[in-house]
Amino acid sequence: MSYSGYRSLLVRVENRIAWVTLDNPPVNTLDAVLAGDLRAFADEVASDDGVAVIVLQSANPEFFSAHADFEWSFDPSTLMALADPDADPALNPLQQLNERLRTLPQVTIAKLRGYARAGGVELAMAADMRFAAADRTWLAQPESLMGIFPGGGGTQYLNRLVGRARALEIVLGAELFDAFLAERYGWINRAIPDEHLDAFVDALARRIAGLPEGVAAAAKEALDAAEASGPVPDLTEEAAAHAKVYPSPDDIVHRLRVLMDHGGQTREGELRLERLLESIPWSHRS
């Protein structure tokens with residue numbers, strides 16, 4: 001496999017491990033380019049018996065992935081244009097993408113540094129495991145401050161990881177979680193000192209890649225079957241609920257345009273996104 005020609009990904013395969021680096025300046029927004037590259041990579045790697053482990057990481061130490069592209073709120077047809085004709089038509093394109101990644105036969109690991117919000121943290125949750133740099137990683141699902149809720153798989157993935165009560169806190173509270181609290185809640189596997197994160201993930205990936213062929217895939221299959229709530233996950237319910245709030249009404253779209261005018265999807269704005277969102281008044285509909 002060549003794993004070349006991507007515009008927003010750098011892929012290196014070594015010792016049965018694919019190191020997939022998100023590189024979509026300025027803040028690794030999950031936009032049409034990055035989503036398209038991730039889908040193309042998933043399609044290619046799914047049949048590659050020479051890859052046993054996939055590590056997702058970022059070229060930007062400040063942002064793993066800021067969030068999904070705000071432009072999709074201004075023109076929802078641009079999101080729907082990314083629909084996968086071979087995926088479940090009941091799911092939206094981000095759900096389709098994350099499920100494509102979640103169900104890969106390889107073991108997937110998200111190595112987190114910087115901010116991972118909304119669609120960016122949903123991407124991380126689609127991985128089998130998440131490890132984060134302590135004191136340098138922050139997670140959030142701030143979609144409620146945008147008039148929606150996590151709709152790229154987030155509600156289903158969160159519920160499995162942290163439980164319903166904590167998932168509601170994350171989704172409706174819309175606050176930033178540092179790596180230590182995210183670890184305590186079960187949102188990530190471990191918060192690891194930044195200087196040790198690379199070596200830890202490298203060693204884990206190498207151990208898994210060195211297992212006898214088929215062991216890791218069989219373990220994933222068995223653990224998924226152990227989920228007590230039936231199908232894993234029930235994305236059709238999330239999709240139906242999300243359709244009640246997206247596409248967004250005009251006042252919500254206007255609010256996001258104000259956000260963009262004040263620094264949305266720029267480095268400076270994204271470093272304080274929650275506070276920036278809270279500074280824009282809601283226009284409540286009667």
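Data block above holds the structure.
Computed from a predicted structure; not experimentally measured.

1. A closer look at the overall build of the chain
Then comes step 1: From N to C terminus, the chain includes 14 helices and eight strands.
Then comes step 2: A globule of 286 residues ought to have a C-alpha radius of gyration of about 19 Å, and the chain, at 18 Å, matches this closely.
Then comes step 3: A total of 286 residues make up the chain; the buried ones form 53% of that total.
Then comes step 4: Entry remark: accessible area of the chain is about 12700 Å², with carbon and sulfur atoms responsible for 53%.
Then comes step 5: Considering the chain, the positive charge centre built from 26 side chains and the negative charge centre built from 42 side chains are found 4 Å apart.

2. What to know about the packing of helix α6 (residues 154-162) against helix α7 (residues 164-173)
Then comes step 1: Taken N-terminus to C-terminus, the directions of α6 and α7 make an angle of 130 degrees; their axes are 7 Å apart at the nearest point. Here α7 runs oblique to α6, going by the angle between their axes. Crossing geometry of α6 relative to α7 is assigned as right-handed. Contact with α6, carried on its side by Leu158, Asn159 and Val162, involves Arg164, Arg166, Ala167, Ile170 and Val171 of α7 and no other residues of that element.
Then comes step 2: When its residues are assigned to classes, the contact of α6 with α7 shows five nonpolar, one polar and two charged.

3. Regarding the pattern of salt bridges
Then comes step 1: Within the structure shown, the criterion is met by 17 salt bridges.
Then comes step 2: Across the salt bridge formed by arginine 12 and glutamate 14, the nearest N and O atoms sit 3.5 Å from each other.
Then comes step 3: A residue is classified by how much of its surface remains accessible, and arginine 12, at 41% relative accessible area, is partly exposed.
Then comes step 4: The residue glutamate 274 makes a salt bridge to arginine 117 at a minimum N-O spacing of 2.7 Å. Placement of the pair is glutamate 274 in helix α14 (residues 273-278) and arginine 117 in strand β5 (residues 107-117), with a sequence separation of 157 residues.
Then comes step 5: One connected set of salt bridges, linked through shared partners, spans Lys111, Arg113, Arg136, Asp194 and Asp198.

Rules and cut-offs
- Residues numbered from 1 in each chain as written.
- Predicted model: local features only at pLDDT ≥ 70, side-chain atom pairs only at ≥ 80, totals over all residues.
- Heavy atoms only, no water.
- Helix = DSSP H or I, 4+ residues; strand = E, 2+ residues; numbered from the N terminus.
- Rg over C-alpha atoms; globule rule 2.2 N^0.38 Å.
- Buried < 20%, exposed > 50% of the residue type's maximum accessible area, 1.4 Å probe, protein only.
- Areas by Shrake-Rupley, 256 points an atom, 1.4 Å probe, with all protein chains shown as cover.
- Lys, Arg positive; Asp, Glu negative; His and termini not counted.
- Charge placed at Lys NZ, Arg CZ, Asp CG, Glu CD.
- Axes fitted to C-alpha atoms, helices over the stretch in contact; angles between N-to-C directions.
- Parallel < 35°, antiparallel > 145°, perpendicular 65-115°, else oblique.
- Left-handed = near helix turned anticlockwise from the far one by under 90°.
- Contact = heavy atoms within 4.5 Å.
- Nonpolar A, V, L, I, M, F, W, Y, C, P; charged D, E, K, R; others polar.
- Salt bridge = Lys/Arg side-chain N within 4 Å of Asp/Glu carboxyl O.

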